[in-house]
Amino acid sequence: ARLAAMRQDHAINNVSVRSAAIDLDGFDGRVMTNSQSIFDCGEALATDLDEKILLHGTSWGNADSIVQDGFDNRTSQRAMYGAGVYFACAACKSHQYTCHLHHNGCSCKVERTLIIARVALGDASLAAETRYEERRPPVRNNAAGTHDSIVVHPGMIKGHH
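Thresholds, definitions, all that
- Residues numbered from 1 in each chain as written.
- Predicted model: local features only at pLDDT ≥ 70, side-chain atom pairs only at ≥ 80, totals over all residues.
- Heavy atoms only, no water.
- Helix = DSSP H or I, 4+ residues; strand = E, 2+ residues; numbered from the N terminus.
- Buried < 20%, exposed > 50% of the residue type's maximum accessible area, 1.4 Å probe, protein only.
- Contact = heavy atoms within 4.5 Å.
- Salt bridge = Lys/Arg side-chain N within 4 Å of Asp/Glu carboxyl O.
- Disulfide = S-S within 2.5 Å.
- 1 Å grid on protein atoms, 1.4 Å probe; cavity = no way out; pocket = protein on both sides within 12 Å on 5 of 7 lines; lining within 4 Å.
- Points joined across faces, edges and corners; volume = space filled by probe spheres on them.
- Nonpolar A, V, L, I, M, F, W, Y, C, P; charged D, E, K, R; others polar.

Undergrad: So what's going on with the overall build of the chain? Which residues, and what values?
TA: Secondary structure assignment for the chain yields four helices and four strands. In the chain, the order of α-helices and β-strands from amino to carboxyl end is α-α-β-α-α-β-β-β. Along the first, second and third principal axes, the C-alpha set of the chain runs to 50 × 40 × 35 Å. The burial tally for the chain puts 35% of its 161 residues in the buried class. Expressed as a percentage of contacts within the chain between residues at least 6 apart in sequence, the contacts between residues at least 24 apart total 67%.

Undergrad: I'd like a rundown of the pattern of salt bridges, residues and numbers included.
TA: In total, this model carries nine salt bridges according to the counting rule given. Across the salt bridge formed by Arg118 and Glu51, the nearest N and O atoms sit 3.1 Å from each other. Separated by 67 residues along the polypeptide, Arg118 in strand S2 (residues 112-120) and Glu51 in strand S1 (residues 51-59) bring together distant segments of the chain. Owing to a relative accessible area of 30%, Arg118 belongs among the partly exposed residues under this scheme. Here Asp148 and Arg140 are joined by a salt bridge, their closest N and O atoms 3.9 Å apart. As far as burial versus exposure is concerned, Asp148 and Arg140 are alike and both buried. Three or more residues are tied together by salt bridges with common partners; here these are Asp9, Asp123, Arg140 and Asp148.

Undergrad: Residues and numbers for unusual backbone geometry, please.
TA: Located in the positive-phi region is Asn14, a residue other than glycine, with phi close to 55°. Relative to the helices and strands, Asn14 resides in the loop between helix H1 (2-12) and helix H2 (31-35). Unlike most non-glycine residues, Asp50 shows phi in positive territory, near 50°. Residue class for Asp50 comes out buried when judged on its relative accessible area of 4%.

Undergrad: Tell me what's going on with the state of the cysteines, and back it up with residues and numbers.
TA: Applying the stated criterion to the full structure yields zero disulfides. With no disulfide of its own, Cys89 lies 8.7 Å from the sulfur of Cys92, the closest cysteine sulfur. Overall, Cys89 belongs to the partly exposed group, its relative accessible area being 23%.

Undergrad: So what's going on with the layout of surface pockets? Residues and values would help.
TA: In this structure, the second largest pocket encloses a volume near 440 Å³. Along the wall of the second largest pocket there are 21 residues; nearest its centre are Arg18, Asp123, Ala124, Ser125 and His147. No other element matches strand S3 (residues 124-126), which puts three residues into the lining of the second largest pocket. Among the residues making up the lining of the second largest pocket, the classes are represented as nine nonpolar, nine polar and three charged.

The structure is reproduced here in structure tokens:
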């Protein structure tokens, strides 16, 4: 239903979706790009909505809740780019959010979980700065409504510490 709603929004607002690059961490070329069809579970990704296979790092307890109830952006606690569910193409980035004891990544010996997920980025906005208190994605510049997601490239941007 969510993919159909995104398609309808794009058609009504004449939005053209561009593919977001996912192998920008400088490590080993195109690992995630080349792995997309391996993890698609036999169902082709929705390229018209820039659907990608991405990683979500969380604690074991949160992972159980996600399996039972799905991702829920209302439970977001860390929101550098606005409230929402965060995904990454680099396992090392997602791993930073897997410890329930610490909040800045660590190397302690607790059980950790990375979820491999299908994520429809849709009409993504490229982050130019942090968005700590924002609850919704940015408003589109060339069409009505808001972007479907926010993409952040590696490196420092305005508002990073």
